[in-house]
Amino acid sequence: MADVGIFFGTDTGTTRKIAKQIHQQLGADLSDKPLNINRVDIDTLSSYKMLILGTPTLGEGQLPGLAADCQAESWDEFLPQLEVADFSGIKVALFGLGDQVNYASEFVDGLGELYDAIAETGADLVGEWPAEGYEFDDSSALLDNGKFAGLVLDNDNQSELHAERMAGWLEQIKAEFGV
């Protein structure tokens, strides 16, 4: 087992593709193959020293799951397991996908919801990302310091920036992970 576990929620498969790209860039010696959050339990996440967790934002700012009309369970159904989790000593970096044009008032709100849930576990959250270069009205993923709670990717409007943003974020979190 590698030191970094990568887990994602998805509906259309785009977040899965991003998780695979993150895994490829980190390398198999550092991270295990990404897994859909609907295929694991809290003990699996707790077994890692470092986690990278990803989510899209669906509809009116929702996490993926049955309530968001997804065809399978996802983060929405997994969140209750986080309520009793103790991630003290685990470093967690987050990434989120959203559409800043069509959903400017709830841009990457799913990332904000995931951040809040992970923060309650006692995890050491790392990987904050600058909000410069994005145009949106509101986001619950925006922290008090003006940065996003993690890497933000807009596949619909800024996919040409993915590679550069991902590379910069991965260098940042490798340093924060101490690897």
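A brief structural summary. Just so it is clear, the structure is predicted and the values come from calculations on it, not from any experiment.

Attention shifts here to the layout of surface pockets. Of the volumes computed, that of the largest pocket is approximately 300 Å³. As for the largest pocket, its lining consists of 21 residues, of which Pro-56, Thr-57, Leu-97, Gly-98 and Asp-156 are closest to the centre. By residue class, the composition of the lining of the largest pocket is seven nonpolar, nine polar and five charged. The computed volume of the second largest pocket comes to approximately 180 Å³. Around the second largest pocket sit Phe-8, Thr-10, Arg-16, Ala-19, Lys-20, Lys-33, Pro-34, Leu-35, Asn-36 and Arg-39, which together line it. Of all elements in the fold, only helix 1 (14–26) and strand 2 (35–36) reach the threshold of two or more residues within the lining of the second largest pocket. Of the residues forming the lining of the second largest pocket, the biggest block, three residues, is contributed by helix 1. By residue class, the composition of the lining of the second largest pocket is four nonpolar, two polar and four charged.

Inside soluble globular proteins, nonpolar side chains tend to come together where they are buried. Residues Ile-22, Ile-52, Leu-53, Phe-87 and Trp-169 are the most contacted members of the largest nonpolar core, which totals 55 residues. Residues in contact with Ile-22, not counting those within four places in the same chain, are Ile-6, Ile-52, Phe-95, Met-166, Trp-169 and Leu-170.

The subject of this paragraph is the packing of aromatic side chains. Tallied over the full model, the rule gives eight aromatic pairs. Ring centres of Phe-107 and Phe-136 lie 5.4 Å apart, and the angle between their planes is 35°; this geometry places the pair in the tilted category. Of this pair, Phe-107 sits in the loop between strand 4 (91–97) and helix 4 (109–119) while Phe-136 sits in the loop between strand 6 (129–130) and strand 7 (147–148), and the two are 29 residues apart along the sequence. Overall, Phe-107 belongs to the buried group, its relative accessible area being 0%. Ring geometry for Phe-107 versus Phe-148: centroids 6.0 Å apart, planes at 75°, classification edge-to-face. Placement of Phe-107 in the loop between strand 4 and helix 4 and of Phe-148 in strand 7 is noted, with a sequence separation of 41 residues between them. Like Phe-148, Phe-107 is buried. Ring pairing ties together the aromatic residues Phe-107, Tyr-134, Phe-136 and Phe-148, which thus form one cluster. Over the ring of Tyr-134 we find Arg-165; its NZ or CZ atom is 4.0 Å from the centre of that ring.

Basis of the calculations
Residues numbered from 1 in each chain as written. Predicted model: local features only at pLDDT ≥ 70, side-chain atom pairs only at ≥ 80, totals over all residues. Heavy atoms only, no water. 1 Å grid on protein atoms, 1.4 Å probe; cavity = no way out; pocket = protein on both sides within 12 Å on 5 of 7 lines; lining within 4 Å. Points joined across faces, edges and corners; volume = space filled by probe spheres on them. Nonpolar A, V, L, I, M, F, W, Y, C, P; charged D, E, K, R; others polar. Helix = DSSP H or I, 4+ residues; strand = E, 2+ residues; numbered from the N terminus. Core = buried A, V, L, I, M, F, W, Y, C linked by side-chain atoms within 4.5 Å. Buried < 20%, exposed > 50% of the residue type's maximum accessible area, 1.4 Å probe, protein only. Contact = heavy atoms within 4.5 Å. Phe/Tyr/Trp six-rings, centres within 6.5 Å; stacked < 30°, edge-to-face > 60°. Lys NZ or Arg CZ within 6 Å of the ring centre and 35° of its normal.

Scope: geometric values only; no functional claims are made or implied.
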